[in-house]
Amino acid sequence: MIIEVADTSLRFDTTVKMGLYTARGIAEYLVIDVNNRLLLVFRDPAPDASQHHGYSYATQLTFSENDAVTPLAVPGASVKVADLLP
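Sequence order sets the numbering: in each chain, residues are counted from 1 along the sequence as written. Whole-chain, interface and lining totals are the exception, using all residues; otherwise, since this is a predicted model, local features are given only for residues with pLDDT of at least 70 and side-chain atom pairs are given and counted only at 80 or more. Hydrogens and water are ignored here; the side-chain numbers use all heavy atoms of the structure.

**Q** What am I meant to see in a nonpolar patch on the surface here?
**A** A surface patch of nonpolar side chains, about 230 Å² in accessible area, is lined by Phe 12, Val 16 and Leu 20. Numbering of helices and strands runs from the N terminus, with a helix taken as a DSSP run of H or I at least four residues long and a strand as a DSSP run of E at least two residues long. Tracing the backbone through its elements, the reader meets Phe 12 in helix α1 (residues 10–23). A patch is a set of surface residues, each over 30% in relative accessible area and not in a salt bridge, joined within 9 Å for like charges and within 5 Å for the nonpolar side chains Val, Leu, Ile, Met, Phe, Trp and Tyr. We get accessible surface area from the Shrake-Rupley algorithm with a probe of 1.4 Å; when it comes to residues, only the shown protein chains can shield them. Any carboxyl oxygen of Asp or Glu that lies within 4 Å of a side-chain nitrogen of Lys or Arg is treated as forming a salt bridge with it.

What follows is the structure, encoded as structure tokens:
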């Protein structure tokens, strides 16, 4: 799992970096969108010929600051999105 905190880098983090992480088989990629107070969760890397690196995430979820998320790496844990936001 990789977590990014995005302020001015949101587009770069959700395109270029995301493509690199999927190509490397990173199972879960989380992006904290501080400007919109959201957590973007990308899971399940899969081949995708339309992408630059040949992969994308099959599952893309968006959580608000009122939600909680359970990371794949720690299935018994629940993290409040609000606790991740500045």
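Back to the text.
**Q** Would you mind going over the pattern of salt bridges with me for this structure?
**A** Side chains that differ in sign of charge can pair as their charged atoms come close. Applying the stated rule across the entire model yields 4 salt bridges. Across the salt bridge formed by Glu 28 and Arg 43, the nearest N and O atoms sit 2.5 Å from each other. With Glu 28 in strand β2 (residues 28–33) and Arg 43 in strand β3 (residues 38–47), the pair connects residues that are 15 residues apart, well separated along the chain. In this structure, Glu 65 engages Arg 37 in a salt bridge whose closest nitrogen and oxygen atoms are separated by 3.1 Å. Highlighted residues: Glu 65 in the loop between β4 (55–64) and β5 (68–69) and Arg 37 in the loop between β2 and β3, separated in sequence by 28 residues. Judged by relative accessible area, Glu 65 falls into the partly exposed class, the value being 31%. Classification of Arg 37 as partly exposed rests on a relative accessible area of 30%. Among the charged side chains, a salt-bridge network with shared partners connects Glu 4, Asp 13 and Lys 17. Under the scheme applied here, a residue whose accessible area is under 20% of the maximum for its type counts as buried, over 50% as exposed, and between as partly exposed, the area being computed with a 1.4 Å probe on protein chains only.

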